[in-house]
Amino acid sequence: MRLKISLLKEPKHQELVSCVGWTTAEELYSCSDDHQIVKWNLLTGETSQIVKLPDDIYPIDLHWFPKSLGIKKQTQAEIFVLTSSDGKFHLISKLGRVEKSVEAHCGAVLAGRWNYEGTALVTVGEDGQIKIWSKTGMLRSTLAHQGTPVYSVAWGPDSEKVLYTAGKQLIIKPLQPNAKILQWKAHDGIILKVDWNSVNDLILSAGEDCKYKVWDSYGRPLYSSQPHEHPITSVAWAPDGELFAVGSFHTLRLCDKTGWSYALEKPNTGSIFNIAWSIDGTQIAGACGNGHVVLAHVVEQRWEWKNFQVTLTKRRTMQVRNVLNDAVDLLEFRDRVIKASLNYAHLVVSTSLQCYVFSTKNWNTPLIFDLKEGTVSLILQAERHFLLVDGGGIYLYSYEGRFLSSPKFPGMRTDILNAQTVSLSNDTIAIKDKADEKIIFLFEASTGKPMGDGKFLSHKNEVLEIALDQKGLTNDRKIAFIDKNRDLYITSVKRFGKEEQIVKLGTMVHTLAWSDTCNILCGLQDTRFTVWYYPNTVYVDRDILPKTLYERDASEFSKNPHIVSFVGNQVTIRRADGSLVHISISPYPAILHEYEQTMWACLAAMAVANRDMTTAEIAYAAIGEIDKVQYINSIKNLPSKESKMAHILMFSGNIQEAETVLLQAGLVYQAIQININLYNWERALELAVKYKTHVDTVLAYRQKFLETFGKQETNKRYLQYAEGLQIDWEKIKAKIEMEITKERERSSGSQPTKSTGLKH
């Protein structure tokens with residue numbers, strides 16, 4: 001991944017540019033010390049002056065009113081807050097009209113930020129004060145008073161806390177009075193810029209010590225850069241929280257959320273004082289010290305699946321390479337590519353207006369449909385369908401482009417959803433609640449309705465990451481999740497609500513993933529890479545769970561590694577330095593998962609072939625052949641080993657052999673009876689006549705058979721023997737009982753032979 005920089009030959013501003021802000025993905029506003037506010041149209045390349053501010057106003061920071069909330073009240077959405085050196089902030093419309101100017105601080109107002117709901121504004125100034133204002137510019141409260149200038153400020157993801165700088169310190173202060181304040185020393189020089197991302201809940205800071213750092217929301221350090229040559233003057237998160245940009249003197253850097261650098265550019269910009277990401281997260285604008293506005297496009301993103309590698313080569317072009325035969329396909333799009341996902345033999349691409357679905361078997365004819373909103377922030381794929389998340393909602397589509405469902409729950413905020421807080425399988429959608437982080441909502445994929453009776457999954461601690469397994473039946477669907485104590489739990493989505501059904505699988509788990517081909521789970525624990533080959537073991541026999549695990553040392557992955565994918569039996573892990581490591585796990589447990597029915601069926605056949613009917617019974621039960629299980633049960637209850645042998649032969653379809661075994665053992669009635677059972681009437685009568693026994697029995701069963709089907713006797717032999725014969729069922733039953741007793745007595749001379757291990 002890298003940045004494609006565009007910089008005009010001549011700057012549009014005469015003095016340093018202090019701040020920039022996007023209205024749409026193609027429109028940008030910039031403010032400068034030359035008092036001008038300039039609008040940039042990126043489609044046409046035109047610029048126009050919107051307003052010239054009074055000579056005593058030097059703009060410092062600007063922030064547009066949150067776009068996603070401006071649908072109801074469009075006029076409000078079309079304004080931005082501009083802070084300036086005269087101690088005021090100004091609410092300015094898109095057309096350049098100053099709607100309101102408010103005396104806010106003594107000395108310059110150094111930063112101003114709307115909260116995510118657009119209900120409040122925070123400003124900070126040289127006077128060390130942090131003030132909260134209503135959206136119309138009325139003072140609500142002075143949150144804090146520092147002794148030093150506050151250079152930068154950011155809202156927490158829930159708009160309930162504010163992060164601000166205080167010299168070398170960072171401070172998180174909740175809006176509630178008397179709530180606990182978090183404060184820590186973050187840099188060795190004055191901190192110039194901060195940003196706090198609402199999706200990943202991570203904090204960025206940049207300082208005069210020439211470093212940029214990544215923190216979690218508890219103030220714990222996750223990454224610290226090497227010292228640069230110059231102070232870091234700006235940092236900004238991409239909207240989806242996957243990337244961030246860093247600005248310094250003649251320097252623009254693109255980084256992964258974990259801190260390591262994707263790309264370093266050295267444009268001729270002077271210091272970059274302010275960075276803004278476009279709403280769709282594909283472009284960066286930088287406010288430069290030499291009057292330029294630097295624009296950068298994120299290109300060369302890569303997606304991999306099995307033998308395919310897809311690369312975004314230009315903003316509207318992708319290259320697909322099949323590494324097996326080195327075939328290359330070029331995919332051209334009408335509009336700029338915003339998001340893409342490659343999985344389950346499909347590439348899903350969203351542009352600013354449309355969604356394209358490609359099959360890996362055919363790259364020439366994608367399925368295309370229009371999008372409601374152009375800023376898709378997340379694409380998730382399952383085997384049968386895929387999920388799109390944008391500012392307006394969550395939408396599930398089939399790979400044929402058919403809209404399936406759009407799950408909703410009260411207070412849902414789609415702008416903060418990511419791959420850790422949403423999970424998709426063939427039948428279920430799971431979404432972590434942001435308002436109460438102990439709750440996971442579960443929806444039926446096909447309808448978008450809450451699963452079961454509308455209940456949700458509730459855990460005792462806050463949940464950090466969720467993942468649904470991908471294979472098997474809906475009733476067996478499992479969800480695995482990591483809570484804030486870094487414990488890994490598993491539970492069934494169909495049996496939620498019962499506390500005992502949420503079972504702990506492991507501790508100190510940092511990242512997890514299910515295989516896409518079978519229900520095998522892997523995770524990175526404290527110092528180990530662990531694979532749970534059959535996580536369901538915790539419900540079956542907890543004692544043997546350790547025997548179903550594969551573990552290996554994970555120290556080679558360094559600090560904070562992350563599982564990128566688990567395809568087949570290959571796990572891809574990204575180390576903290578950005579390098580990818582591939583691990584292959586044993587393919588045999590996956591074969592067992594995939595061919596479970598096949599293996600039981602093979603075992604059933606082998607058991608019958610070796611006359612092991614106990615094993616055969618278990619195997620047939622496992623593959624749902626209930627009639628055969630009942631027949632095997634009846635064989636086990638037969639009185640002699642010859643009868644058992646004959647019925648085993650019959651079970652295998654060897655009727656002639658079965659009859660021979662019985663006749664050789666002198667069990668003539670049993671030989672006749674198996675022919676009656678098979679409706680082999682000719683042979684049954686033939687045996688009865690030949691051995692001069694049970695002729696009346698055969699005739700009685702034949703008569704009963706004909707009566708059942710309402711038919712008349714037409715067989716000449718049966719008519720001949722039935723002539724003048726009176727059928728007496730009592731007498732016949734007594735005779736049959738006597739035959740069975742005789743057989744039982746004959747075989748009781750020795751111990752009854754079990755059905756296992758019988759030989760011919």
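The coordinates are above.
What you see is a predicted model, and the numbers here were worked out from it, not measured in a lab.

Thoughts on the pattern of salt bridges
1) Next: Taken as a whole and assessed by the stated rule, the structure comprises 33 salt bridges.
2) Next: Across the pair Asp-240 and Lys-339 runs a salt bridge, and its minimum N-O distance is 2.5 Å. Note that Asp-240 is positioned in the loop between strand S22 (234-237) and strand S23 (243-248) and Lys-339 in strand S33 (residues 337-343), a separation of 99 residues in sequence.
3) Next: Look at Asp-240 and you get buried, because its relative accessible area is 17%.
4) Next: A salt bridge links Glu-551 to Arg-528; the nearest nitrogen and oxygen atoms lie 2.7 Å apart. Linking Glu-551 in strand S52 (residues 549-553) with Arg-528 in strand S51 (residues 528-532), this pair joins segments that are 23 residues apart in sequence.
5) Next: Taking relative accessible area as the criterion, Glu-551 reaches 40% and is therefore assigned partly exposed.
6) Next: Residues joined by salt bridges that share partners form a network here, namely Glu-27, Lys-39, Glu-78 and Lys-94.

As for the sheet that holds strand S53 (residues 562-567)
1) Next: If you walk across this open sheet you meet the three strands as S53-S54-S55, and the pairing is antiparallel. Where the open sheet ends on each side, the last strands, each with one partner, are S53 and strand S55 (580-584). Strand-to-strand twist across the sheet, computed as the mean angle between neighbouring axes with direction ignored, equals 20 degrees.
2) Next: With five bridges joining them, S53 and strand S54 (residues 570-574) adopt antiparallel strand pairing. Paired with Val-567 across the strands is Gln-570, a residue of S54.

A look at the packing of aromatic side chains
1) Next: Using the criterion set out here, one finds 31 aromatic pairs in the structure.
2) Next: Chaining the aromatic ring pairs together yields one cluster made of Phe-308, Phe-333, Tyr-356, Phe-358 and Trp-363.
3) Next: A cation over a ring is seen here: Lys-372 above Phe-403, with NZ or CZ 5.3 Å from the ring centre.
4) Next: Over the ring of Trp-729 we find Lys-704, and its NZ or CZ is 5.6 Å from the ring centre.

Considerations on empty space enclosed by the protein
1) Next: Under the definition given, this model contains one cavity of 30 Å³ or more.
2) Next: The volume enclosed by the largest cavity comes to roughly 40 Å³.
3) Next: Forming the walls of the largest cavity are Leu-371, Lys-372, Glu-373, Val-376, Leu-388, Asp-390, Tyr-395 and Tyr-397.
4) Next: Counting only elements with at least two residues in the lining of the largest cavity, the list comes to strand S38 (385-390) and strand S39 (393-398).
5) Next: A per-class count over the lining of the largest cavity returns five nonpolar, no polar and three charged.

Here is what the cut-offs are and how they apply
Residues numbered from 1 in each chain as written. Predicted model: local features only at pLDDT ≥ 70, side-chain atom pairs only at ≥ 80, totals over all residues. Heavy atoms only, no water. Salt bridge = Lys/Arg side-chain N within 4 Å of Asp/Glu carboxyl O. Helix = DSSP H or I, 4+ residues; strand = E, 2+ residues; numbered from the N terminus. Buried < 20%, exposed > 50% of the residue type's maximum accessible area, 1.4 Å probe, protein only. Pairing = 2+ DSSP bridges. Axes fitted to C-alpha atoms, helices over the stretch in contact; angles between N-to-C directions. Phe/Tyr/Trp six-rings, centres within 6.5 Å; stacked < 30°, edge-to-face > 60°. Lys NZ or Arg CZ within 6 Å of the ring centre and 35° of its normal. 1 Å grid on protein atoms, 1.4 Å probe; cavity = no way out; pocket = protein on both sides within 12 Å on 5 of 7 lines; lining within 4 Å. Points joined across faces, edges and corners; volume = space filled by probe spheres on them. Nonpolar A, V, L, I, M, F, W, Y, C, P; charged D, E, K, R; others polar.

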